[in-house]
Amino acid sequence: MTGRKGLTASAVIDAAASIVEAEGTAALTLSRVARELGIKPPSLYNHVDGLDRLRRDVAMRAIEDLAGMLGAAAMGRSGREALHAIARAVRAYAMSHPGLYELSARARPEDAEYAAASMQPVEPVIAVLRGYDLDEDEAIHAARSLRAAIHGFVSLESIGGFGLEVDVDESFVWLVERLADTLELAAASHRA
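Residues numbered from 1 in each chain as written. Predicted model: local features only at pLDDT ≥ 70, side-chain atom pairs only at ≥ 80, totals over all residues. Heavy atoms only, no water.

Trainee: Please clarify how helix H9 (residues 136–158) should be interpreted in this entry.
Mentor: Residues that lie three or four places apart on an α-helix share one face, since the helix turns once every 3.6 residues. In a regular helix each residue adds 1.5 Å, so 23 residues correspond to 33 Å; H9 covers 32 Å between its end C-alpha atoms and thus fits that length. Of all the residues in H9, the buried ones are Ala139, Ala142, Ala143, Leu146, Ile150, Phe153, Val154 and Glu157. Of the surrounding elements, those touching the buried residues of H9 are helix H5 (79–96), helix H6 (98–104), helix H8 (122–130) and helix H10 (168–191). The N-capping residue of H9, defined by a side-chain oxygen 3.2 Å from the backbone nitrogen of Asp137, is Asp135. Directly after H9, the chain includes Gly160, whose backbone phi takes a positive value near 75°. (Helix = DSSP H or I, 4+ residues; strand = E, 2+ residues; numbered from the N terminus. Expected span 1.5 Å × (residues − 1). Buried < 20%, exposed > 50% of the residue type's maximum accessible area, 1.4 Å probe, protein only. Contact = heavy atoms within 4.5 Å. Polar contact = N/O pair within 3.5 Å; in protein donor to acceptor, adjacent residues only side chain to side chain.)

Trainee: Looking at this structure, how should I read the nonpolar core?
Mentor: Within soluble globular proteins, side chains that are nonpolar tend to cluster in buried spots. In this structure, Val33, Leu44, Leu54, Leu83 and Leu129 are the most contacted members of the largest nonpolar core, which totals 62 residues. Top element by residues in this core is helix H4 (residues 51–74). It accounts for 10 residues. Setting aside anything within four residues of it in sequence, one finds Leu54 in contact with Val12, Ile13, Ala16, Leu28, Leu30, Val33 and Val48. (Core = buried A, V, L, I, M, F, W, Y, C linked by side-chain atoms within 4.5 Å.)

Trainee: In this structure, what is going on with the side chain of His84? I would like to understand it.
Mentor: Within the element layout of this structure, His84 appears in helix H5. Once you skip the residues sitting within four places of it in the chain, His84 turns out to touch Val173, Val176 and Glu177.

Trainee: What should I look at first to understand unusual backbone geometry in this one?
Mentor: A negative phi holds for most residues other than glycine; trans holds for most peptide bonds. For Asp133, which is not a glycine, the phi torsion comes out positive at approximately 60°. Among the secondary structure elements, Asp133 is positioned in the loop between H8 and H9. Using a relative accessible area of 40% as the deciding quantity, one classes Asp133 as partly exposed.

Trainee: Please explain the environment of Ala139 as it appears in this structure.
Mentor: Relative to the assigned elements, Ala139 resides in helix H9. C-alpha separation for the pair Ala139 and Val125, spaced 14 residues apart in sequence, amounts to 8.9 Å. Excluding residues within four positions of it along the chain, Ala139 makes contact with Ile126, Leu129 and Leu134.

Trainee: Just to check I follow, could you spell out the packing of H5 against H10 for this structure?
Mentor: To describe two helices that pack against each other, one gives the angle between their axes and the distance between the axes. At a minimum axis distance of 10 Å, the contact between H5 and H10 shows a crossing angle of 135°. Considered as vectors, H5 and H10 are oriented oblique to each other. For the crossing formed where H5 meets H10, the hand is right-handed. Contacts between H5 and H10 involve Arg80, Leu83, His84, Ala87, Arg88 and Arg91 on the former and, on the latter, Val168, Asp169, Phe172, Val173, Val176, Glu177, Leu179, Ala180, Asp181, Leu183 and Glu184. Class assignment for the residues of the contact of H5 with H10 results in 9 nonpolar, 1 polar and 7 charged. (Axes fitted to C-alpha atoms, helices over the stretch in contact; angles between N-to-C directions. Parallel < 35°, antiparallel > 145°, perpendicular 65-115°, else oblique. Left-handed = near helix turned anticlockwise from the far one by under 90°. Nonpolar A, V, L, I, M, F, W, Y, C, P; charged D, E, K, R; others polar.)

Trainee: Mind showing me how you'd approach the pattern of salt bridges here?
Mentor: Side chains that differ in charge, positive against negative, can pair when their charged atoms come close. In the structure shown here, the tally under the stated rule is 17 salt bridges. Residues Asp14 and Arg61 are paired through a salt bridge, measuring 2.3 Å at the closest nitrogen-oxygen approach. Taken as a pair, Asp14 in helix H1 (residues 9–23) and Arg61 in helix H4 lie far apart in primary sequence, 47 residues in all. In this structure, Glu23 and Arg32 form a salt bridge, with 2.6 Å as the shortest nitrogen-oxygen distance. One salt-bridge network, held together by shared partners, links Arg53, Arg56, Asp57, Asp111 and Glu113. (Salt bridge = Lys/Arg side-chain N within 4 Å of Asp/Glu carboxyl O.)

Trainee: How should the environment of Ala187 be read in this particular structure?
Mentor: Turning to its location among the elements, Ala187 is positioned in helix H10. Ala187 sits 162 residues away from Thr25 along the chain, and the two C-alpha atoms are 40 Å apart.

Trainee: Even after reading the chapter, I still don't get the layout of surface pockets, so can you show me in this structure?
Mentor: Once rolled over the atoms, a probe with the size of a water molecule shows which space is left empty. Quantified by volume, the largest pocket comes out at close to 680 Å³. If you go around the largest pocket, you meet 27 residues; those closest to its centre are Ser104, Ser118, Pro121, Val122 and Arg147. Within the residue set of the lining of the largest pocket, elements represented by two or more residues are H4, H5, H6, helix H7 (112–118), H8 and H9. Per element, the largest residue contribution to the lining of the largest pocket is 7 residues, and it comes from H9. Of the residues belonging to the lining of the largest pocket, the class tally is 20 nonpolar, 3 polar and 4 charged. Approximately 170 Å³ is the volume attributed to the second largest pocket. The set of elements that each furnish at least two residues to the lining of the second largest pocket consists of H9 and H10. When residues of the lining of the second largest pocket are assigned to their parent elements, the largest contribution, 5 residues, is made by H9. (1 Å grid on protein atoms, 1.4 Å probe; cavity = no way out; pocket = protein on both sides within 12 Å on 5 of 7 lines; lining within 4 Å. Points joined across faces, edges and corners; volume = space filled by probe spheres on them.)

Next up, the structure:
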């Protein structure tokens, strides 16, 4: 690709996201992005404020994509059905976009814009969890537990961490079912 006039920040983020998708997060460097775009590395500074900011911008895009998938997965569903749909959506995103998923999983509480964007994928999860009659704090605890369980599962799956002969898909369903059981017990204790 040759250098081109009118290069935009969005095109730089597109190129960076493509690199992350194809080669992983470690491959994302300014020189690699410049080479992909056919420009000299210093020219990137017309569009981005360094590698950390570029990683953040790619992560923001991944967060938006994941939020859209989770919102669509939860739409019109409740209870176990919604929980399974959200879990499958996270797993599918993590497996089909491992580098972007990795970037999207990092918290940046010092960055208000990023922190606000990071809530987008959490909102459909919290909405589903409210169906279990949890108060706000319990919903956050449940969302964190759900995220930790699913993230742990997909992280291990992505590195080939499940070597036993039992079907991994069945194990994933089992995990989500146990999470749903726990949420239903919590909801029942509120009604008692």
